[in-house]
Amino acid sequence: MAYNFMEGKRGQDWCNLALAVCLFLSPWVIGYSMETVPAWNAWMVGLALAVLAYATLSVFAEWEEWANLALGAWLVVSPWVLGYAANMSVMWTHAVLGLLVAALSAWAVWAHRHDPHAHA
């Protein structure tokens with residue numbers, strides 16, 4: 001009998017999808033949609049996270065979690081790399097969402113590697 005990995009283990013991906021939506025909407029909600037660099041970073045990373053979360057919800061692939069983790073790490077460092085760290089509300093939004101995405105993705109990888117049914 002095949003094990004349905006979707007049962008009980010996909011909470012991390014639903015949370016990452018919600019965080020992706022929050023990130024995508026943050027330029028309008030927080031009010032930095034006219035600041036090109038951070039707004040486009042939020043839109044592009046948010047869209048990428050949403051696509052990866054949706055794909056992982058459909059069929060789990062560990063590489064998608066690693067990609068999410070990399071995008072989360074990018075969000076944490078992007079305010080300094082792209083030069084908008086002086087805008088504290090944007091910097092904190094990206095840093096906190098990035099940390100949450102990275103943590104959820106690392107948790108999903110850990111859960112997958114420690115699930116005896118995942119490799120059967």
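Note that this is a predicted model, so its numbers are computed, not measured. (Residues numbered from 1 in each chain as written. Predicted model: local features only at pLDDT ≥ 70, side-chain atom pairs only at ≥ 80, totals over all residues. Heavy atoms only, no water.)

Asks: Help me understand the overall build of the chain in this model?
Replies: Broken down by element type, the chain carries four helices and zero strands. By residue count, 44% of the 120 residues in the chain fall in the buried class. If you take every contact in the chain between residues at least 6 apart in sequence, the share linking residues at least 24 apart comes to 62%. Accessible area of the chain: about 6,600 Å², with a carbon and sulfur share of 75%. (Helix = DSSP H or I, 4+ residues; strand = E, 2+ residues; numbered from the N terminus. Buried < 20%, exposed > 50% of the residue type's maximum accessible area, 1.4 Å probe, protein only. Contact = heavy atoms within 4.5 Å. Areas by Shrake-Rupley, 256 points an atom, 1.4 Å probe, with all protein chains shown as cover.)

Asks: Any chance you could explain the side chain of Ser26 here in plain terms?
Replies: Within the fold, Ser26 resides in helix H1 (residues 11-31). Residue classification places Ser26 among the buried residues on the basis of a relative accessible area of 4%. For Ser26, the side chain forms a polar contact with the main-chain oxygen of Leu23, separated by 2.7 Å. Those residues within four positions of Ser26 in sequence are excluded, and the remaining contacts are Gly31, Tyr32, Ala42 and Thr93. (Polar contact = N/O pair within 3.5 Å; in protein donor to acceptor, adjacent residues only side chain to side chain.)

Asks: Would you explain the nonpolar core in this entry?
Replies: Counting 18 residues, the largest nonpolar core has Leu19, Leu23, Tyr32, Val45, Leu49, Leu71 and Leu75 as the members making the most contacts within it. In terms of residues, this core owes the most to one element, helix H2 (residues 36-58), which gives seven residues. Ignoring any residue separated from it by four or fewer positions in sequence, one finds Leu19 in contact with Leu97, Leu100, Val101 and Leu104. (Core = buried A, V, L, I, M, F, W, Y, C linked by side-chain atoms within 4.5 Å.)

Asks: How should the confidence of the model for the chain be read in this particular structure?
Replies: The share of residues in the chain with pLDDT of 70 or more is 87%, and the mean pLDDT across the chain is 86. Scored below 50 in pLDDT, residues 1-8 shows ten contacts in the model against residues more than four places distant or in partner chains. (pLDDT = per-residue confidence, 0-100.)

Asks: In this structure, what is going on with the packing of aromatic side chains? I would like to understand it.
Replies: Two measures describe an aromatic ring pair: the distance that separates the ring centres and the angle between the ring planes. Enumeration over the complete set of coordinates arrives at three aromatic pairs. Joined through ring pairs, the aromatic side chains of Phe24, Trp28, Trp40 and Trp43 make up one cluster. (Phe/Tyr/Trp six-rings, centres within 6.5 Å; stacked < 30°, edge-to-face > 60°.)

Asks: Please explain a nonpolar patch on the surface as it appears in this structure.
Replies: There is a patch of nonpolar side chains on the surface, built from Val21, Phe24, Leu25, Trp28, Val29, Ile30, Trp40, Met44, Leu47 and Val51 and spanning about 970 Å² of accessible area. Elements that contribute at least two residues to the nonpolar patch include exactly H1 and H2. Top contributing element to the nonpolar patch by residue count: H1, with six residues. By secondary structure assignment, the location of Trp28 is in helix H1. With relative accessibility at 49%, the residue Trp28 sits in the partly exposed group. (Patch = residues over 30% accessible without salt bridge, like charges linked within 9 Å, V, L, I, M, F, W, Y side chains within 5 Å. Salt bridge = Lys/Arg side-chain N within 4 Å of Asp/Glu carboxyl O.)

Asks: What is the right way to look at the packing of H2 against helix H3 (residues 62-81) in this model?
Replies: Relative placement of two packed helices is described by the angle separating their axes and the distance separating the axes. Put simply, H2 and H3 touch, their axes get as near as 10 Å, and they point 160° apart. In terms of their interaxial angle, H2 and H3 are classed as roughly antiparallel. You can see that H2 and H3 cross each other, and the crossing is left-handed. Across the interface between the two elements, Asn41, Val45, Ala48, Leu49, Leu52, Ala53, Ala55 and Thr56 of H2 pack against Trp63, Glu64, Glu65, Ala67, Asn68, Leu71, Trp74, Leu75 and Ser78 of H3. (Axes fitted to C-alpha atoms, helices over the stretch in contact; angles between N-to-C directions. Parallel < 35°, antiparallel > 145°, perpendicular 65-115°, else oblique. Left-handed = near helix turned anticlockwise from the far one by under 90°.)

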